Amino acid sequence: MNAILEQRQAALPELSPRLAEMKRRIRAGEHHRFRSTDAVDVLAECERENLDWTRRAARLTRRLCEAQTVVIEPDERIVFTRTVKQIPPLYRPEQLDGLLAGRTFHELGPINNICADWGMVLGQGLLARRAAALATRARLAGDGEAETFLDAAVETIDAVLELARRYAAAARADGRDDLAEVLQRAPAHPAESFQQALQSLRLCHAVLWLSGHYHCGLGRLDQYLWPYLKADLAEGRLAPEEAQELLEEFFISLNKDSDLYPGIQQGDNGQSLMLGGTRRDGGDGVNPLTAMALEAGRKVALIDPKINLRVTRDTDLALLANGVQLTRIGLGFPQWCNDEVVIPGLAAAGYDLEDARDYTVAACWEFIIPGKGMEVVNIGAVSMPAAADRAIRAGLQAGEGFDRILERAGADLAEQVRELAETSRKLLLPPAPWYSVLMDGCLERGQDLCHGLKYNNFGIHGAGSANAADALAAVRALVCDQRRIEPTRLIQALDADFQGYDALRSELCDGAPKVGNHDDGADGLLAYLFDRFADACADAGDNGRGGGYRPGTGSAMYYVWLARGHEGMREPTVGATADGRHKGVFFSSSLAPSPDVQVRGPLSVLQSFGKLDYRRICNGGPLTMELADSLFRGMEAVGKVALFIRAFARSGCQQMQLNTLNLDTLRDAQQHPERHRNLVVRVWGWSGYFCELDESYQNQIIGRHIYGA
Amino acid sequence: MPASVTGVVFDIRELTIHDGPGLRTTVFLKGCPLRCAWCHNPEGWSSEPQVLRGPNGDRVAGRSYRADELATILNRQAPLLADGGVSFSGGEPLRQAAFLEAVLERLEGLHVVLGTTGFAPMEDFLRVVRRCDFVLFDVKLMDPEAHRRWTGVDNRLILDNLARLADLGSAYLIRVPLVPGVTDTEANLRAIARHARELPGRPQVELLPYNRAAGGKYAACGLEWRPEYDETVPCRTDLTPFHELQVDARVL
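Counting of residues starts from 1 at the beginning of each chain's written sequence and follows it residue by residue. Written order determines the labels here, with chains lettered from A and ligands numbered from 1. Per-residue local features are limited, in this predicted model, to residues with pLDDT of at least 70; the limit for side-chain atom pairs, both in listing and counting, is 80 or more; totals at the level of whole chains, interfaces and linings are taken over all residues. Each side-chain value is derived from all of the structure's non-hydrogen atoms; neither hydrogens nor water enter the calculation.

### Overview of the overall build of chain A
Argument step 1. Secondary structure elements are taken from DSSP: a helix is a run of H or I of four residues or more, a strand is a run of E of two residues or more, and numbering for both begins at the N terminus. Check the secondary structure of chain A and you find 29 helices and 13 strands.
Argument step 2. Relative to the 2.2 N^0.38 estimate, which gives 27 Å for 709 residues, the radius of gyration of chain A is 26 Å and therefore close to what a compact globule would have.
Argument step 3. Exposure categories follow from relative accessible area, calculated using a 1.4 Å probe and restricted to protein chains: below 20% of the type maximum is buried, above 50% is exposed, and the middle band is partly exposed. When burial is assessed residue by residue, chain A has 64% of its 709 residues classed as buried.
Argument step 4. A contact between two residues is defined here by any heavy atoms of the two lying within 4.5 Å. Taking the intrachain contacts of chain A between residues at least 6 apart in sequence as the baseline, contacts between residues at least 24 apart amount to 78%. Note that the radius of gyration is over C-alpha atoms, with the globule rule given as 2.2 Å times the number of residues to the power 0.38.

### A look at the interface of chain B and chain A
Argument step 1. Contact with chain B, which involves 26 residues of that partner, is made by 26 residues of chain A.
Argument step 2. Around 2,300 Å² of area is buried between chain B and chain A when both sides are counted, 58% of it from carbon and sulfur atoms.
Argument step 3. Considering only the surface of chain B that becomes buried against chain A, Leu-15, Arg-76 and Leu-80 of chain B emerge as the three largest contributors, covering 29% of it.
Argument step 4. Whenever a carboxyl oxygen of Asp or Glu lies within 4 Å of a side-chain nitrogen of Lys or Arg, that contact is scored as a salt bridge. Linking chain B to chain A there are three salt bridges.
Argument step 5. With a closest N to O distance of 3.2 Å, Arg-650 of chain A and Asp-83 of chain B form a salt bridge.
Argument step 6. Contributing elements (two or more residues each) for the side of chain B that touches chain A: strand 1 (6–14), strand 2 (24–29) and strand 11 (249–251) of chain B.
Argument step 7. At three residues, strand 1 of chain B tops the list of elements feeding residues into the side of chain B that touches chain A.
Argument step 8. Only Asp, Glu, Lys and Arg are considered charged, only Ala, Val, Leu, Ile, Met, Phe, Trp, Tyr, Cys and Pro nonpolar, and every remaining residue, Gly among them, polar. For the side of chain B that touches chain A, the class distribution of residues is 13 nonpolar, seven polar and six charged. By convention, the term buried area covers the 1.4 Å-probe accessible surface removed from two parts as they join, with the contributions of both added.

### Quick look at empty space enclosed by the protein
Residues and elements named next belong to chain A.
Argument step 1. In this analysis, the protein atoms alone were mapped onto a 1 Å grid. Cavities are point sets where a 1.4 Å probe fits without being able to get out; pockets are open sets with protein on both sides within 12 Å along at least five of seven lines; lining residues have an atom within 4 Å of a point. Grid points are joined across faces, edges and corners, and a volume is the space filled by probe spheres set on the points. The tally for this structure, following the rule as stated, stands at three cavities of 30 Å³ or more.
Argument step 2. As a volume, the largest cavity reaches approximately 110 Å³.
Argument step 3. Tallied by class, the residues present in the lining of the largest cavity amount to five nonpolar, five polar and two charged.
Argument step 4. The space that makes up the second largest cavity amounts to roughly 60 Å³.
Argument step 5. Looking at the second largest cavity, the residues that line it are Met-22, Arg-25, Ile-26, His-31, Phe-34, Glu-73, Glu-76, Thr-81 and Lys-256.
Argument step 6. In terms of residue class, the lining of the second largest cavity is made up of three nonpolar, two polar and four charged.

### What about the side chain of Glu-248 of chain A?
Residue and element names in this part refer to chain A.
Argument step 1. Counting through the fold element by element, Glu-248 comes out in helix 12 (residues 240–253).
Argument step 2. Exposure remark for Glu-248: the relative accessible area of 2% places this residue in the buried category.
Argument step 3. Residues contacting Glu-248, with those up to four places away along its chain left out, are Leu-15, Leu-19, Ala-296, Lys-299 and Val-300.

### Regarding the pattern of salt bridges
All names here are of chain B.
Argument step 1. Counted according to the given criterion, the structure contains 82 salt bridges over all chains.
Argument step 2. With a closest N to O distance of 3.4 Å, Asp-11 and Arg-13 form a salt bridge.
Argument step 3. Judged by relative accessible area, which is 28%, Asp-11 ranks as partly exposed.
Argument step 4. The exposure class assigned to Arg-13 is partly exposed, which follows from its relative accessible area of 30%.

### Examining the environment of His-672 of chain A
Residue and element names in this part refer to chain A.
Argument step 1. Within the fold, His-672 resides in the loop between helix 28 (663–671) and strand 11 (680–682).
Argument step 2. The exposure class of His-672 is partly exposed, given its relative accessible area of 24%.
Argument step 3. Distance in space between the C-alpha atoms of His-672 and Thr-315 is 41 Å, their sequence separation being 357 residues.

### Brief notes about the pairing of strand 4 (residues 57–61) of chain B
Residue and element names in this part refer to chain B.
Argument step 1. Alignment of strand 3 (residues 50–54) against strand 4, held across five bridges, turns out to be antiparallel. Looking at strand 4, one finds that Arg-53 is bridged to Asp-58.
Argument step 2. Where strand 3 hands over to strand 4, the hairpin turn is made up of two residues, counted between the paired strands. The criterion for strand pairing is that DSSP finds at least two bridges linking the strands in question.

### So, the sheet that holds strand 7 (residues 458–463) of chain A
Residues and elements named next belong to chain A.
Argument step 1. Ordered by their spatial adjacency, three strands build an open sheet running 6-7-8, and the pairing between neighbours is parallel. Two strands bound the open sheet, and with one partner strand each, they are strand 6 (376–383) and strand 8 (549–551). With strand direction ignored, the average angle separating the axes of adjacent strands in the sheet is 30 degrees.
Argument step 2. Here three bridges tie strand 7 to strand 8, and the two strands are oriented parallel to one another. From the neighbouring strand, Ile-460 faces strand 8, where its bridge partner is Pro-551.
Argument step 3. Axis definition: a line fitted to C-alpha atoms, limited for helices to the stretch in contact. Angles are taken between N-to-C directions and run from 0 to 180 degrees. Where helix 17 (residues 384–397) meets the sheet, its contacts fall on strand 6 and strand 7, and the angle it forms with strand 6 comes to roughly 25 degrees.

### Describing the sheet that holds strand 11 of chain B
Residue and element names in this part refer to chain B.
Argument step 1. Read from one edge of the open sheet, nine strands run 5-1-2-6-7-8-9-10-11, paired in mixed fashion. Both outer strands of the open sheet, strand 5 (63–66) and strand 11, are each paired with one neighbouring strand and no more. Each neighbouring strand pair of the sheet contributes to a mean axis angle of 30 degrees, computed without reference to strand direction.
Argument step 2. Taken together, the four bridges between strand 6 (residues 85–89) and strand 7 (residues 111–116) define a ladder with parallel strand orientation. What sits directly across from Phe-88, in strand 7, is Leu-114.
Argument step 3. Across the sheet, helix 5 (residues 156–168) lies against strand 8 (134–138) and strand 9 (172–177), angled at about 155 degrees from strand 8, the strand it touches most.

### Topic: helix 5 of chain B
All names here are of chain B.
Argument step 1. Over its 13 residues, helix 5 extends 19 Å from the first C-alpha to the last, a length consistent with the 18 Å expected when each residue adds 1.5 Å.
Argument step 2. Buried residues of helix 5: Ile-158, Leu-159, Asn-161, Leu-162, Leu-165 and Ala-166, and no others. Looking straight down helix 5, one finds its buried side chains confined to an arc of 160 degrees; they lie on one side. Looking at helix 5, the residues exposed on the side facing more than 90 degrees away from the buried face are Arg-156 and Asp-167.
Argument step 3. Lining the buried residues of helix 5 we find helix 3 (122–129), strand 8, helix 4 (144–151), strand 9 and helix 6 (186–198). To estimate how far a helix should reach, multiply one less than its number of residues by 1.5 Å. Read the arc as the range of directions from the helix axis to the C-beta atoms.

### Digging into the nonpolar core
Argument step 1. Only buried Ala, Val, Leu, Ile, Met, Phe, Trp, Tyr and Cys residues count toward a nonpolar core, and they belong to the same one when joined by side-chain atoms within 4.5 Å. Within the largest apolar cluster, 285 residues are counted, with the highest numbers of intra-cluster contacts made by Leu-490 and Leu-606 of chain A together with Phe-88 of chain B.
Argument step 2. Residue contributions to this core peak at 13 residues, all from helix 8 (residues 144–173) of chain A.
Argument step 3. With sequence-adjacent residues up to four places away left out, Leu-490 of chain A is seen in contact with Ile-392, Leu-396, Val-475, Val-479, Ile-485, Leu-504, Leu-508 and Ala-578 of chain A.
Argument step 4. Ranked by size, the runner-up nonpolar core spans 30 residues in total, among them Cys-364, Trp-365, Val-683 and Trp-686 of chain A.

### Notes on the packing of helix 4 (residues 53–67) of chain A against helix 8 of chain A
Residue and element names in this part refer to chain A.
Argument step 1. The interhelical angle for the contact between helix 4 and helix 8, taken along N-to-C directions, is 5 degrees, at an axis separation of 9 Å. For the element pair helix 4 / helix 8, the angle class is roughly parallel. On helix 8, the residues touching Thr-54, Arg-55, Ala-58, Arg-59, Thr-61, Arg-62, Cys-65 and Glu-66 of helix 4 are Thr-148, Phe-149, Asp-151, Ala-152, Glu-155, Thr-156, Ala-159, Val-160, Leu-163 and Arg-166. Relative orientations are named as follows: roughly parallel for angles under 35 degrees, roughly antiparallel for angles over 145 degrees, roughly perpendicular for angles from 65 to 115 degrees, and oblique for any other angle.

### Examining unusual backbone geometry
Residue and element names in this part refer to chain A.
Argument step 1. Here Asp-304 and Pro-305 are connected by a cis peptide whose omega angle stands at -10 degrees.
Argument step 2. Here Pro-305 is to be found in the loop between helix 13 (288–300) and strand 2 (306–311).
Argument step 3. The step from Phe-333 to Pro-334 runs through a cis peptide bond, and the omega angle for that step is -10 degrees.
Argument step 4. Looking at where Pro-334 falls in the secondary structure, it is placed in the loop between helix 14 (317–328) and strand 3 (335–338).

### Brief notes about the layout of surface pockets
Argument step 1. Of the volumes computed, that of the second largest pocket is approximately 830 Å³.
Argument step 2. Here the lining of the second largest pocket is built from residues that sort into 16 nonpolar, 12 polar and six charged.

### Some words on the packing of helix 11 (residues 221–235) of chain A against helix 13 of chain A
Residues and elements named next belong to chain A.
Argument step 1. The contact between helix 11 and helix 13 brings their axes to 9 Å, and the two run at 110 degrees. Between helix 11 and helix 13, the crossing angle belongs to the class labelled roughly perpendicular. When the axes of helix 11 and helix 13 are compared, the crossing they make is right-handed. Listed contacts from helix 13 to Asp-222, Leu-225, Trp-226 and Leu-229 of helix 11 are Pro-288, Leu-289, Thr-290 and Met-292.
Argument step 2. A breakdown of the residues in the contact of helix 11 with helix 13 according to their chemical character gives six nonpolar, one polar and one charged. Handedness of a helix crossing follows the sense of rotation of the near helix relative to the far helix, less than a right angle counterclockwise being left-handed and clockwise being right-handed.

Listed below in structure tokens is the structure:
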């Protein structure tokens, strides 16, 4: 059987020797030798010229583009290697305090976690963007703020054009006329070929990072690039295999600088892209690039880009199988998004239908509209376990019945949302002239994106949900209904972290229904928590930026932080919980049955989580499932898992991560990291190199539910 | 059959790969009259619930269900199983024929596959297979003596049931577990191919390569894993004996 499987896998194409070598070099960090340790001082000239924030941001883009050394490796067809390591400050810390004046940055400060309208950028080219800026400047002459912004935007455009010009000149000097011609067109002019489009995207995207932005999305890549590839193929300018290789080189290039990107750990960098799905006009957006990108992801097998695939119950099984071939190798890609659920959910939340159909994901899973969203999708999390725990304790101490306990949990969530909403209204988004160039309408309106775009919502994670529902289910069954556990004894046991309460804890673990088994009782409590969370977000009003609050089902790192605490975190931590969970034990990541709970299988899990009303919880957050790689040992498995994806689309679930794991490999990697340097695992919204993760994160992954073992 | 008839199930697994077409949930019924030397589900032998002693603690294998209870569990999954259905395996599911029949009577719109050794009283066999959409019928060894030696039972009843199944015109195929030096011999595969060729409808044959994890659960069942064949030898997956006789065959 293994021989047959190997034959079959051998039939799947691998990277060309040229790209295999390129990948090896990048993983070995050989290109780091081009990096400069010199810090670029932007602050001094900004102070000298007394520049405002907008102009400082533009000056940063310009100076860092200028500081870039041109790097063209002999075998490269898509160029750009970052050589500037550090992003210098625009203000002194004490000046920043003054600028903030009681307001706060989101995370590190610079605009992040949004997605440009790359289709527009590739279609127009930067010279057209420049002309648009100048036209608006003429129209709004006298409007100082608009003039400043537009001058800043032009400064960034010119900086990128100059960087491209230097690359083109160096290519010419190297005898690389092929490359020089591409760079003379891209990104200045509208792309005229697939290679120009990829080069343009690589450069413009890299300059976002260079400007201090992070979690920079790539959006609906197959939609943006297909017109160029289609024309190339039709004109016979490019062979399909060559196009595939270019795409793979582009994917590899996205991994060059990822160690320089800020994130919780390396890999958490939001270079996400979306494939397939419904077009803006309602038609089917799947095109040949959809499958090509899935194949490229499988062959490149690195942490970037993070691939998402949109599906419906009618998605072609062959395309699903292509996606599953990527799932099989264990990167945690693609993340599957259900158009049947996501689009109506966004429409119900006030997005125009055409825009809703155009969604992509932010860094992890949060649904955003490329070019049209200045949304802050992760302002914080509600701790569902804390809400349940406080409700259980207060309710039981007051001698209340279960209905009242539930109401308390809902009220607690509402209070958490209110606090988050209040804090978030103080958010200050700094100017971002280069990012604004890449968005819809900023240059046309003469307004930086920091002042808002068409969509300006904030998103809140709903973390630890399964544990919270299980805790409530246990209290309902064992304390309220069956009266097997005395209320005071439960509270004592929780306070003691179950030390000396083994039998009671066993009852909590084994004697009550759990989320994930298609049990309407437990699942109903999960749905209740999300409903109340959604009510609270709806009641929270305007976020101060013309948007509202979107509830979501993701956890991000809060599955760890809400259990263990984290410096500077406002969200409440919780100790032992009434589902039998010990203090400090991680919650499930995003949507998944609680750790250590007996679950019948992946179909029951789909049915449990399909009961949520996702029209009300549209911030995103995937149902997360782990498959044993042994499941793929038979020839039929890829087809079966493709059918499972179709069942996901039917189930009413919104989004799903399917990760393929081999426990023996993971354990061996803990013992012998040197043997597993390229082992990639999905952590939450991102995938990272297993051996580079903190041990606690490694252990959490090892402890997840694994189906099909 | 009454709803209250009970049966013992040792596992319900979702997303099973080799138990029939499409997306499937498989119910493993406990109890088997055969003792195949290569069996990888020894907890399926006894008809009673039993304690498995694993490295991470004990667990009970086998739970009693009422027929209506099990049918409800499966029917509730029907919306997701439109591309497949449910399968019954074991153990030998026909060991609990009355229970199985009671469950099958209560299934609503689910495609049903039976995986069977074929070793069951003919009346039980026929009553159940009439309610199934597809049968995966195991044929292990054609030689009666070898069959007795390696499975503990005679193959006469099995081959009779197979003939009746073929006569009924049921949809079915033949499954051959490939065990190195035991069932994967050229003589045995040729004999199976000849037999299949003569059956009405000339069924497809699927060869199931040997699983080296076969012995994995023996210790937990309090049994010793001591195969009398060399499991380190790769099993032969040669389809020639089938193709020579125009029997459709494939390796899983």
